[in-house]
Amino acid sequence: MNSCLLCDKPLEDQPTWQQLLGIAKTTVVCLPCFNKFERIDNKIETQWLDSVYSLYAYNEQAREYLHKFKFLQDVALAEVFTDDLRKVLNDSKKRIVPIPMHASNKRKRTFAQVDALLDAAGITYENLLQKTTESVMGEKSRAERLAMTELFTVTADIPSNEAIYVLVDDIFTTGTTLQHAARTLKLAGAKHVEAVTLFRPTGKK
C-alpha cells in the first residue's frame, strides 16, 4: 500500500487531486498535503534577471517538503510538481538551465535536486553552469554575499542570439545565487535570462 510521502498516511484512504480531476495518474502526496502549498505565481525583475517567476510561497509545508527532498534525500518527491513545471517550462524557445550544485556537495547529497525536478517532469535542460564554491548562500551574512565574486563559470559557448535562457532553482530567497548565474550567462553572451523557482518567501509571519 502506497503512502503519502509527506504525511505517511495511506494514499488509498485519501483523495488525490488527480482523482478529483479525473486523471488516472500515480501520485506521491495526498490532496490534503498538496493543498497546504500556497500558490502565489509571483513575478519580479532584478538587475540581471529579466524576470523571476515563483510558483509557491515558502511556507511551513514548503520547508517540510524541501527538508525531506533535499536533506533526507527522498528523491521520489521530485514528482510532486511535475505538472506545474511542465506548464511554465515546456517552450521550444526556452533553453532551460538548472542551478548546479558544487561537485563535492553533490557527492555528499548523492543527487542534484534541481536536475531531479526537471528529470521527473521530463523537461530537457542544459548544464551550462558550473558552481565554483561549496558555500551555501543561506549560511552567509548580507555583507558576505555582497563581497563574493563569481559563483559560476560557463561550461559551453553562449551564442549571442534571441534564445531565452531560463534558470531553474528550488527556492528564491535573497536572489544572490540567481543574480550571479544570470550575470555569468549575460557576460558570456546571453541577451535574455529569466528564472523559475518552486518557492519564494512572501514576508508573511
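Data block above holds the structure.
1. A word on the overall build of the protein
Phase 1 of the analysis: Looking only at helices and strands, one finds eight helices and seven strands in the protein.
Phase 2 of the analysis: Within the span of the protein, comprising 205 residues, buried residues form 49% of the whole.
Phase 3 of the analysis: Across the protein, every contact between residues at least 6 apart in sequence was considered, and the portion connecting residues at least 24 apart equals 69%.
Phase 4 of the analysis: Carbon together with sulfur atoms contributes 49% to the accessible area of the protein, which is approximately 10800 Å² in total.

2. Details of the pattern of salt bridges
Phase 1 of the analysis: Taken as a whole and judged by the stated rule, the model has ten salt bridges.
Phase 2 of the analysis: The residue arginine 63 makes a salt bridge to glutamate 60 at a minimum N-O spacing of 3.1 Å. You can see arginine 63 and its partner glutamate 60 sitting in helix α3 (residues 60-71), three residues apart, about one turn around the helix.
Phase 3 of the analysis: Among the ionic pairs, glutamate 126 bridges to arginine 95, the shortest N-O distance being 2.6 Å. Linking glutamate 126 in the loop between α6 (113-121) and β4 (129-131) with arginine 95 in strand β3 (residues 94-98), this pair joins segments that are 31 residues apart in sequence.
Phase 4 of the analysis: Taking relative accessible area as the criterion, glutamate 126 reaches 25% and is therefore assigned partly exposed.
Phase 5 of the analysis: Residues joined in a network through salt bridges with shared partners are Arg39, Asp41 and Asp84.

3. Description of the nonpolar core
Phase 1 of the analysis: Membership of the largest hydrophobic core comes to 38 residues, with the highest contact counts inside it found for Phe37, Tyr65, Val80, Phe81, Leu89 and Phe199.
Phase 2 of the analysis: Secondary-structure elements contributing two or more residues to this core are α2 (31-34), β2 (51-57), α3, α4 (82-89), α6, β6 (164-171) and β7 (192-200).
Phase 3 of the analysis: If you look at the next biggest cluster of nonpolar residues, it comprises 20 residues, including Val97, Leu128, Leu129 and Leu185.

4. Observations regarding the pairing of β7
Phase 1 of the analysis: Among the nine residues of β7, eight are classified as buried, and the element is accordingly described as predominantly covered.
Phase 2 of the analysis: Here β2 runs beside β7; their pairing, made up of six bridges, is parallel. Paired with serine 51 across the two strands is glutamate 194, which belongs to β7.
Phase 3 of the analysis: Bridging between β6 and β7 involves seven bridges; their strand directions are parallel. Residue pairing in the sheet places leucine 167 in a bridge with alanine 195 of β7.
Phase 4 of the analysis: Between β6 and its parallel partner β7, the chain crosses via helix α8 (residues 176-187), and the hand of that crossover is right-handed.

The rules behind these values
- Residues numbered from 1 in each chain as written.
- Predicted model: local features only at pLDDT ≥ 70, side-chain atom pairs only at ≥ 80, totals over all residues.
- Heavy atoms only, no water.
- Helix = DSSP H or I, 4+ residues; strand = E, 2+ residues; numbered from the N terminus.
- Buried < 20%, exposed > 50% of the residue type's maximum accessible area, 1.4 Å probe, protein only.
- Contact = heavy atoms within 4.5 Å.
- Areas by Shrake-Rupley, 256 points an atom, 1.4 Å probe, with all protein chains shown as cover.
- Salt bridge = Lys/Arg side-chain N within 4 Å of Asp/Glu carboxyl O.
- Core = buried A, V, L, I, M, F, W, Y, C linked by side-chain atoms within 4.5 Å.
- Pairing = 2+ DSSP bridges.
- Right-handed = clockwise from strand over helix to strand, strands pointing away.

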